[in-house]
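Architecture at a glance
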Amino acid sequence: MDKKVRVRIAPSPTGAIHVGLARSALYNYLFARKHGGTFILRIEDTDAARSTTESADAIIKGLGWLGITFDEGPYYQSRRMDIYKQYVDKLIKTGHAYHCYCTPERLAEERKKAEAEKRAWRYDKWCLHLTPDEKASFEAQGVKPAIRLLIPEGQTTFHDLIHGDITREHKDVDDFVAVRSNGIPTYNFVVVIDDYLMEMTHILRAVEHISNTFKQVLLYKAFGWDIPEFAHLPLILGEDKKKLSKRHGAMSLEEFRKLGYLPDAMVNFLALLGWSPGGDKEIMSRAELVDLFSIERINTSNAVFDMQKLEWMNGEYLRAPDTEKLLSAFQEWLQSQAITLPSECSADFLSKALPLIAERSRTLAEVYDSLFPYLSEDLVYDEKGVEKHFRKDPDAVKERLRLYRERLVALSEFNKETTEEALRQLIEELGIKAGLLIHPVRLAVTGRTVGPPLFDCLELLGRDRVLARLEVFGDYVEE
RNA sequence: GGCCCCAUCGUCUAAUGGUCAGGACAUCACUCUUUCAAGGUGAAGAUACGGGUUCGAUUCCCGUUGGGGCUACCA
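Here the structure is a predicted model, which means the values were calculated and not measured.

Moving on to the nonpolar core. Among the nonpolar cores identified, the biggest contains 108 residues, and Val19, Phe305, Phe330 and Tyr404 are the most heavily contacted of them. Top element by residues in this core is helix H1 (residues 19–34). It accounts for ten residues. Not counting residues up to four positions away in its chain, the partners in contact with Tyr404 are Thr419, Ala422, Leu423, Leu426, Leu437, Val441, Phe455 and Leu458. Listed in part, the 37 residues of the second largest apolar core include Tyr84, Val179, Ile193 and Val217.

In this structure, Lys241 takes a positive phi of about 70 degrees despite not being glycine. With respect to the helices, strands and loops of the structure, Lys241 is situated in the loop between strand S11 (236–237) and helix H8 (253–259). Positive phi, normally seen in glycine, also occurs at Ala338, with a value near 55 degrees. Relative to the helices and strands, Ala338 resides in the loop between helix H12 (323–336) and helix H13 (347–358).

With that settled, consider the domain arrangement of chain A. Per the domain assignment, the segments of chain A are domain 1 (1–75 + 234–318), domain 2 (82–179), domain 3 (323–375) and domain 4 (383–478). One C-alpha centre belongs to domain 2, the other to domain 3, and the line joining them spans 58 Å.

Okay, helix H18 (residues 435–446) next. In this model H18 runs 16 Å from its N-terminal to its C-terminal C-alpha over twelve residues, within 8% of the 16 Å that 1.5 Å per residue would give. For H18, the tally of buried residues reaches nine of twelve residues, placing the bulk of the element in the interior. Within the sequence span of H18, burial applies to Leu437, Ile438, Pro440, Val441, Arg442, Leu443, Ala444, Val445 and Thr446. Phi for Gly447, located one or two positions after H18, is positive at around 80 degrees.

Most of helix H9 (residues 263–271) sits out of view: eight of its nine residues are buried. Against the buried residues of H9 lie H1, helix H2 (53–65), H8, helix H10 (286–292) and helix H11 (307–318).

The next point concerns the side chain of Thr446. Here Thr446 shows up in helix H18. Residue Thr446 is classed as buried on the basis of its relative accessible area of 6%. At a separation of 2.7 Å, a polar atom in the side chain of Thr446 contacts the main-chain carbonyl oxygen of Arg442. What Thr446 contacts, discounting residues up to four positions off in sequence, is Pro373, Tyr374 and Leu379.

On to the pattern of salt bridges. Throughout the structure, instances matching the rule amount to 33 salt bridges. One salt bridge connects Glu110 with Arg106, and the closest N-O pair in it is separated by 3.7 Å. Note that Glu110 and Arg106 are positioned in helix H4 (residues 104–116) at a spacing of four residues, about one turn of the helix. With relative accessibility at 17%, the residue Glu110 sits in the buried group.

Turning our attention to the state of the cysteines. Covalent bonding between the sulfur atoms of two cysteines is what defines a disulfide. As enumerated under the stated definition, the model contains zero disulfides in all. Cys457 supplies the cysteine sulfur nearest to Cys345, a cysteine that is in no disulfide, at a spacing of 15 Å.

Here we come to the packing of helix H16 (residues 394–410) against H18. At their nearest, the axes of H16 and H18 sit 10 Å apart, and the two run at 80 degrees to each other. Here H16 is positioned roughly perpendicular relative to H18, judged by the angle of their axes. Contacts from Val397, Arg400, Leu401 and Tyr404 of H16 reach H18 at Leu436, Leu437, Pro440 and Val441. Tallied by class, residues from the contact of H16 with H18 come to seven nonpolar, no polar and one charged.

Within this structure, the stated rule accounts for 19 aromatic pairs. Seen from their ring centres, Phe158 and Phe230 are 5.6 Å apart, and the 70 degrees between their planes marks the pair as edge-to-face. Note that Phe158 is positioned in strand S6 (residues 155–160) and Phe230 in strand S10 (residues 229–233), a separation of 72 residues in sequence. Across the pair, exposure class does not vary: Phe158 and Phe230 are buried alike. Measuring from centroid to centroid gives 5.6 Å for Phe256 and Phe305, while their planes differ by 40 degrees, and the two rings are tilted. Placement of the pair is Phe256 in helix H8 and Phe305 in the loop between strand S12 (303–304) and H11, with a sequence separation of 49 residues. What makes Phe256 buried here is its relative accessible area of 0%. Grouped by ring-pair contacts, the aromatic residues Tyr87, Tyr196, Phe223 and Trp225 constitute a single cluster. Between the NZ or CZ atom of Arg80 and the centre of the ring of Tyr75, over which it lies, the distance is 5.9 Å.

Here the focus is the layout of surface pockets. Here the largest pocket is characterised by a volume of approximately 1200 Å³. Considering the residues around the largest pocket, the lining is formed by 40 residues, among which Pro11, Ser12, Thr14, His18 and Glu208 are closest to the centre. Looking at the lining of the largest pocket, the elements that each hand over two or more residues are strand S1 (6–9), H1, H2, helix H6 (187–197) and strand S9 (202–206). Here the element with the most residues in the lining of the largest pocket is H1; it accounts for four residues. A class-by-class count of the residues in the lining of the largest pocket yields 15 nonpolar, 15 polar and ten charged. What lines the second largest pocket is a set of 24 residues, and nearest its centre among them are Lys3, Met200, Thr201, His202 and Glu229.

Assignment of secondary structure puts Leu30 in helix H1. On the basis of relative accessible area, Leu30 is assigned to the buried category, the value being 2%. For the pair Leu30 and Leu292, spaced 262 residues apart in sequence, the C-alpha separation works out to 9.2 Å. Contacts of Leu30, omitting those with residues within four sequence positions, involve Leu289, Val290 and Phe293.

About the criteria used
- Residues numbered from 1 in each chain as written.
- Chains lettered and ligands numbered in written order.
- Predicted model: local features only at pLDDT ≥ 70, side-chain atom pairs only at ≥ 80, totals over all residues.
- Heavy atoms only, no water.
- Core = buried A, V, L, I, M, F, W, Y, C linked by side-chain atoms within 4.5 Å.
- Buried < 20%, exposed > 50% of the residue type's maximum accessible area, 1.4 Å probe, protein only.
- Helix = DSSP H or I, 4+ residues; strand = E, 2+ residues; numbered from the N terminus.
- Contact = heavy atoms within 4.5 Å.
- Domains from an automatic or database assignment.
- Expected span 1.5 Å × (residues − 1).
- Polar contact = N/O pair within 3.5 Å; in protein donor to acceptor, adjacent residues only side chain to side chain.
- Salt bridge = Lys/Arg side-chain N within 4 Å of Asp/Glu carboxyl O.
- Disulfide = S-S within 2.5 Å.
- Axes fitted to C-alpha atoms, helices over the stretch in contact; angles between N-to-C directions.
- Parallel < 35°, antiparallel > 145°, perpendicular 65-115°, else oblique.
- Nonpolar A, V, L, I, M, F, W, Y, C, P; charged D, E, K, R; others polar.
- Phe/Tyr/Trp six-rings, centres within 6.5 Å; stacked < 30°, edge-to-face > 60°.
- Lys NZ or Arg CZ within 6 Å of the ring centre and 35° of its normal.
- 1 Å grid on protein atoms, 1.4 Å probe; cavity = no way out; pocket = protein on both sides within 12 Å on 5 of 7 lines; lining within 4 Å.
- Points joined across faces, edges and corners; volume = space filled by probe spheres on them.

Here's what the structure looks like:
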């Protein structure tokens, strides 16, 4: 790489940040880090009607959550209008652009007509041929013109780092509006100005921009500027194989965060959606991703977002042996969801409970749910479990629970070893299988049929709560 | 409709002009086990179709089909 790498993402702040944007950001970020380059955030808010500052803030926050950080920016295009203005004037002077007085109504009508005749609609360059008198007349009527780029005859080819050469005939490219009649320039215009001024070396963005690229390349040429490298990323598709959009529901970053996905897992998963390092490696740290990433290995075909695989991968990260990290991830999650744990629920308790629970969870939300029996006294007994482990022979089970409770009362020390020993002894005396006592006890003290190994649960709960719950359970099943 | 992009198991993907087309998720068995997970073992599952080029193509070329994207005074 001869020039110092400078890349960017340029989102429009028009709604929740979804995974497609997150992945584009990630690839740009990885590419910049890998080459010691600069990663820039530019907010493309030239569409005043749809842009919101909340959305811009959400983008920054969301990417920050993923640990995708910027070296420059955010730049806001809405604050750079005077810059763009100079370049428009230049374009008019050199004859690369012209004023267009066509009303939206006329354009819409023409477009409809073309559609009815199954003709491709292109702007008919009507205003290109206006005489000075006609122009003066429009001006006198107070009609504000838009400015269109004049697309010359011929064809344009650009090289795409992922797709190779892509060519389009100019007859298929519109004389697109560069500046609206209200004076605000459009995306295709400002993106070129900014990418040039900000000295972008590589543009990595989604394939949906390929058709815009021709317009942009023509603009670079009109200005006589060097054209950056382009790499058009495959799309992320929903289960229905359509481009991700609001219809797909829980696809915003915020939603994934709420569901309890870990940023590291999210980044790992997203990296693999459209790219692979080759070989079989799938679980990769950020450092490994930076090291392994290359544009050449980005795929050409679109990828379906597989929720199940994400869940699995999140589980892998949840199960990682680093308790401290898990604890802080969980606490961070609680905070982001505005959940406060009871004060007696100490960090000490959590660091004991979390590994046991996370091992059998796939998301932090699941972790939180599994924590319930340790946070609240209002147990809800699993009805199927009650049916299975109690109702078949209630008197016998009740008696066993009573006996076990007695043993627990008598223990000099209460921990997982002693409680297990007590239970083993009891079942031997009773001549029954361990399950006949273990299952009812789990149900009695947690309300659930699933969870960490029973004696770990008992230790986590502590003697007082265990004894109380064994007693309460007896009453519960009486009814 | 026009233009463009794409095509390996259901999904994410690996690989090569000659391979038993590999892995992961999901699925199904079995195993481990106090439950649930996790783990282990195994099963099933793909080169869209048709033509070329070639001794040989899943790989290169063309076409068909299919999918996707774009087609705004949105980005």
